[in-house]
Amino acid sequence: MQNVCVLGGGKIGSLIATLLVESGDYGVTLGDVDQEVVTRLKNEIVHNQLHVGLVDVQDPIALRQFLEAAKPEGIISSLPYYCNALVGELAREIGAHYFDLTEDVEVTRKIQALSQGATSAFVPQCGLAPGFISIVAHDLMTHFDSVEIVKMRVGALPVNPSNVLKYSLTWSTDGLINEYGNICYGIEDGQEVALRPLEGYETIEIDGLLYEAFNTSGGLGTLADTFAGKVNTMNYKTLRYPGHCEKIHLLMNDLKLNNDRGTLKRILEQAVPKTLQDVVIIYTSVTGMRDGELFEENYVKKIYPRTIAGKLWSAIQVTTAAGICSVVDLVCEHSERYRGFVTQEAFDLSSILANRFGQFFAGDVSRST
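Just so we're clear, the structure is a prediction, and the values are computed from it rather than from any experiment.

Asker: Would you take a moment to explain the sheet that holds strand β1 (residues 2-7) for this structure?
Answerer: Sheet strands line up and pair through hydrogen bonds in the backbone, either parallel or antiparallel. Read from one edge of the open sheet, seven strands run β3-β2-β1-β4-β5-β6-β17, paired in parallel fashion. Each having just a single partner strand, β3 (50-54) and β17 (340-341) make up the two edges of the open sheet. Pairing between strand β5 (residues 97-100) and strand β6 (residues 121-123): two bridges, direction parallel. Bridged to Phe99 within β6 is Val123. Against the sheet, helix α3 (residues 60-70) touches β1, β2 (26-32), β3 and β4 (74-77), its axis set at about 155° to β1.

Asker: Help me understand the pattern of salt bridges, please; the structure alone is not making it clear to me.
Answerer: Opposite charge on two side chains allows them to pair when their charged atoms are near. Inspection of the entire model under this criterion finds twelve salt bridges. Arg40 is the partner of Glu44 in a salt bridge, and the nearest nitrogen-oxygen pair spans 3.2 Å. A residue pair is termed a helical-turn pair when its members lie 3 or 4 positions apart in one helix, as Glu44 and Arg40 do in helix α2 (residues 35-44) at four residues. The exposure class of Arg40 is partly exposed, given its relative accessible area of 34%. Put simply, Glu93 and Arg64 hold a salt bridge, and the shortest N to O gap is 3.2 Å. Residue Glu93 is found in helix α4 (residues 84-94), and its partner Arg64 is found in helix α3; the two are separated by 29 residues along the sequence.

Asker: It is not clear to me how the nonpolar core should be interpreted in this structure. Could you clarify?
Answerer: The nonpolar side chains of soluble globular proteins are, as a tendency, buried together. Grouped together as the largest cluster of nonpolar side chains are 102 residues, with contacts concentrated most on Ile16, Met234 and Phe347. Once residues lying within four places of it in the same chain are set aside, the contact partners of Ile16 are Val6, Ile76, Ser78, Leu101, Ala321, Ile324 and Cys325. Ranked by size, the runner-up nonpolar core spans 21 residues in total, among them Val55, Leu63, Leu86 and Ala96.

Asker: Please clarify how the packing of helix α7 (residues 173-181) against helix α9 (residues 244-254) should be interpreted in this entry.
Answerer: For any two helices packed against each other, one specifies the inter-axial angle together with the distance between the axes. Running from N to C, α7 and α9 cross one another at 90°; their axes reach a closest spacing of 11 Å. The angle between α7 and α9 falls in the class roughly perpendicular. Facing α7, whose interface residues are Ile177, Tyr180 and Gly181, α9 presents His244, Ile248 and Met252. Looking at the contact of α7 with α9 residue by residue, the class counts come to four nonpolar, two polar and no charged.

Definitions and limits used
Here the residue numbers are simple positions, counted from 1 along each chain's written sequence. Per-residue local features are limited, in this predicted model, to residues with pLDDT of at least 70; the limit for side-chain atom pairs, both in listing and counting, is 80 or more; totals at the level of whole chains, interfaces and linings are taken over all residues. Note that water and hydrogens are dropped before the side-chain values are worked out from all heavy atoms of the structure. Note on pairing: DSSP must find at least two bridges between two strands before they are called paired. Each helix is a run of H or I in the DSSP string that is no shorter than four residues. Each strand is a run of E no shorter than two, and both are numbered from the N terminus. When checking whether two residues touch, look at their non-hydrogen atoms; a contact exists if any pair is within 4.5 Å. Only the stretch in contact is used when a helix axis is fitted, and all axes are lines through C-alpha atoms; the angle between N-to-C directions ranges over 0 to 180 degrees. Any Lys or Arg side-chain nitrogen found within 4 Å of a carboxyl oxygen on Asp or Glu counts as a salt bridge. The classification of residues rests on relative accessible area computed with a 1.4 Å probe and restricted to protein chains. Under 20% of the type maximum is buried, over 50% is exposed, and intermediate values are partly exposed. By nonpolar core we mean a set of buried residues, namely Ala, Val, Leu, Ile, Met, Phe, Trp, Tyr and Cys, connected to one another through side-chain atoms within 4.5 Å. Small angles under 35 degrees read as roughly parallel and large ones over 145 as roughly antiparallel, with 65 to 115 read as roughly perpendicular and the rest as oblique. Just so you know the grouping, Ala, Val, Leu, Ile, Met, Phe, Trp, Tyr, Cys and Pro go in nonpolar, Asp, Glu, Lys and Arg go in charged, and all remaining residues, Gly too, go in polar.

Written out as structure tokens, the structure is:
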């Protein structure tokens, strides 16, 4: 029985805790700052291996006491990105493995710095994008003698869009704004470069439906650092229904709400509905040389909501939680292999898909060569 602590009982954290305790191999202590959330989760997830408690994760003393009482072998942060540095510091202090879902580049760099020399694993950017998409891209790249172009595209979209943004809030609003507003990174002409968010606009057709794609921050994970000088072009873009990017550009740039993210968050949460009827689209394309010829290989998948432990969970909840739980499972099972800073591309796609949590990525996969 592995003892882990999940911090944050929101959309993703609650499913992470559910998956782990339902596996029968994990004892989970789940902490959240909101008493209403704590009470609700105690009633919704009834399991003798789950303990839910109140903790202010931005209070170093309270968080340290919470973790010391829980005695976790691993700490999973499903908190907003700005909370993760403190969690990482305390994980290092108590010698626990560390996992997070952050898309924030600067936070990841802080985690990498504090992980130096650690005997436990520090694995940021788990989940879907960054996370699973990096593992897929790296796997495809190994099928080539040399790689020219890597394109990664991910979207979490309402199945039946009904508002002018053609979008629903399916995950963290803070994370969404972060992706839309922060500098992006990619590889051009073999060099790692900074790219502006909401630019690099293109359209792509998948299964007969048209989508738009544009630069967003964080989805590339550490791949640009790993493969600079080894790949000519590499980029990550978010998929949306056509027309979304133009309207977000109006909000964030023309109305300057990227400089007033609190106001933008309130606007989005008051005007854009949530939904469990979503679809996650994963698209990766790699072009390169194989046996002296130029080839392209694609990985394309659509994932829909699933019922788990008697409750319906959205596709973005399922894919994000499955991504981090499969990585947690592999690290806990083979802890001798993983120490210090661990990138997503360190995990084999075959191992993720064979994992009991990675099974949620199963479905129709289209690969073309």
